[in-house]
Amino acid sequence: MFLIYFSTFDEVTKRLEFKQSKTLETPTAKYSQSSPSTVVPDPIFNNDLDATDAEPWVKQDYIVECDLQQVTDYAGLTNSEIFATFASSTSVDKQLAYAFFSDVSEQDTRLDKLLSFNQTFPGNPLALEQLLGLCTEVNSHEGCNQQLVEQAISAGGDNGVIWFAIANFYASRNATELVKNALRQVNTSPLFEESFADYIRLYVDSLQGRPNENFTQNALSAFGAAAAQPSFFNIISKLCTEKPKQDVEYLQICLSLGETMEQQGKTNLTQNIGMAYQEVIYDLEGNDLALNELEIRRTQNFENSAALFRKATNLALFDQRLFRSWLDNLSHLGEQDAASLLVEDAIALSQNPYYKPCL
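Residues numbered from 1 in each chain as written. Predicted model: local features only at pLDDT ≥ 70, side-chain atom pairs only at ≥ 80, totals over all residues. Heavy atoms only, no water.

## Regarding helix α8 (residues 176-188)
What counts, and what does not: Per the convention used, a helix needs a DSSP run of H or I reaching at least four residues, while a strand needs a run of E reaching at least two, with both numbered from the N terminus. Multiplying 1.5 Å by the residue count of a helix minus one yields the expected span of that helix. Summary of the burial criterion: residues with accessible area below 20% of their type's maximum are buried, those above 50% are exposed, and those between are partly exposed, where the area comes from a 1.4 Å probe applied to protein chains only. It is the directions from the helix axis to the C-beta atoms that the arc portrays. Should any heavy atoms of two residues lie within 4.5 Å, those residues are counted as being in contact.
The end-to-end C-alpha separation of α8 is 19 Å, in line with the 18 Å expected for 13 residues at 1.5 Å each. Those residues of α8 that sit buried are V179, K180, A182, L183 and V186. Taken down its axis, α8 places every buried residue within 165° of arc, on the same side. Structural note: α8 exposes E177 and T188 on the side pointing more than 90 degrees away from its buried face. The secondary structure elements touched by the buried residues of α8 are α7 (160-171), α11 (234-242) and α12 (248-264).

## Considerations on the state of the cysteines
Using the following cut-off: For this text, the term disulfide refers to a pair of cysteine sulfurs within 2.5 Å.
A full pass over the atoms with the stated rule returns three disulfides. With a sulfur-sulfur separation of 1.8 Å, C66 is cross-linked through a disulfide to C358. Disulfide C66-C358: the torsion about the S-S bond is -80°, which places it as left-handed. Taken together, the residues C66 in the loop between α1 (3-15) and α2 (79-84) and C358 in the segment after α17 (335-350) connect sequence positions 292 residues apart.

## Thoughts on the packing of helix α5 (residues 125-135) against helix α6 (residues 146-156)
Applicable threshold: A fitted line through C-alpha atoms represents every axis, and for helices the fit uses only the stretch in contact; the resulting angles, taken between N-to-C directions, go from 0 to 180 degrees. Handedness of each helix crossing follows the sense of rotation of the near helix against the far helix: counterclockwise by less than a right angle gives left-handed, clockwise gives right-handed. As a working rule, the residues Ala, Val, Leu, Ile, Met, Phe, Trp, Tyr, Cys and Pro are called nonpolar, Asp, Glu, Lys and Arg charged, and the rest polar, with Gly in that last group.
Direction vectors running N to C along α5 and α6 enclose 145°, while the axes themselves pass 10 Å from each other. Crossing handedness for the pair α5 and α6: left-handed. Contact residues: P125, L128, L131, L132 and C135 in α5; L148, V149, Q151, A152 and A155 in α6. Across the contact of α5 with α6, the residue classes break down as nine nonpolar, one polar and no charged.

## Regarding the environment of K266
Under the convention used in this document: Within 3.5 Å is the distance limit for a polar contact, defined as a pair of N or O atoms, with the added protein rule that one can donate a hydrogen and the other accept it, and that residues adjacent in sequence qualify only through two side-chain atoms.
Assignment of secondary structure puts K266 in the loop between α12 and α13 (268-285). Assessed through its relative accessible area of 14%, K266 is described here as buried. In this structure, the C-alpha to C-alpha distance between K266 and E193, residues 73 residues apart in sequence, is 7.0 Å. Aside from chain neighbours lying at most four places away, what touches K266 is F192, E194, L330, S331, H332, L333, G334 and E335. From its side chain, K266 meets the backbone oxygen of F192 in a polar contact 3.0 Å long.

Right, dumping it as structure tokens:
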């Protein structure tokens, strides 16, 4: 699971009724102009006061905490109703937000909305990735065709995530050689850029400018929306669990795929799925040394301080620039490094006694 779930998902589930059918930065206080601003702490606050007498911001690892329970919902239209109004928008991003986040029905499914978006605005990688995934569940839909695959290659052929989606698409149609070729492309692509942060950014950005806008509420809702987006690992996971036993070519491809996902994946979920693929292969080979090394890496992958990360993500929900800095780092550096930088930045900001993000 994503680290962010540990800090906010319980709050999201308490506060939201979101349903899918309804609705490189440098560390610590050396921000670029687009990053969270901070005031360099006055030296007077970095003294040797006894911890029991010190103001909270003097203490090591102190992070400002804001009360999420005080965040109130909007009066008037809900976010889902706002997204519904984007159907006639001339903005590409708002049209995309409409396709992803507005209500759906049996007559107007998420697949239908995204296919309609793709006809009007072809070549959007986020839409195409999700379309390929949805098409694994609806083989007979006329919009789920080879042209969609060609569009995806044209729009994001340098991204291994797109090739993973293509492999899934072919696997749902039992096109074995095309699956193998697509998985080889995953392993040789220069990028492996996942979409979790993109969904959050799209959700939050498309609601900017709303009357009485509440960034914290929008960000909380965005996590629910991103979490509700379907993922499509199951088909390839089944292949990489079963096929290597009979097909040595799959054995090599799935081992390389697991290594790629572990090393280049941006989220803990992807990295751990990649480790699971490797574990299957090493177990088949009887490679105990590789299995032991894998278990060490898996353990090290979760050494982040959950308590500090919980506080840091809470703070980011009240500090838009800190939040957006974390999103950028999540996209480019990956979940672990983004989490570490978020904690460092939250501590640095909290050292300033005049920093009041909760107000």
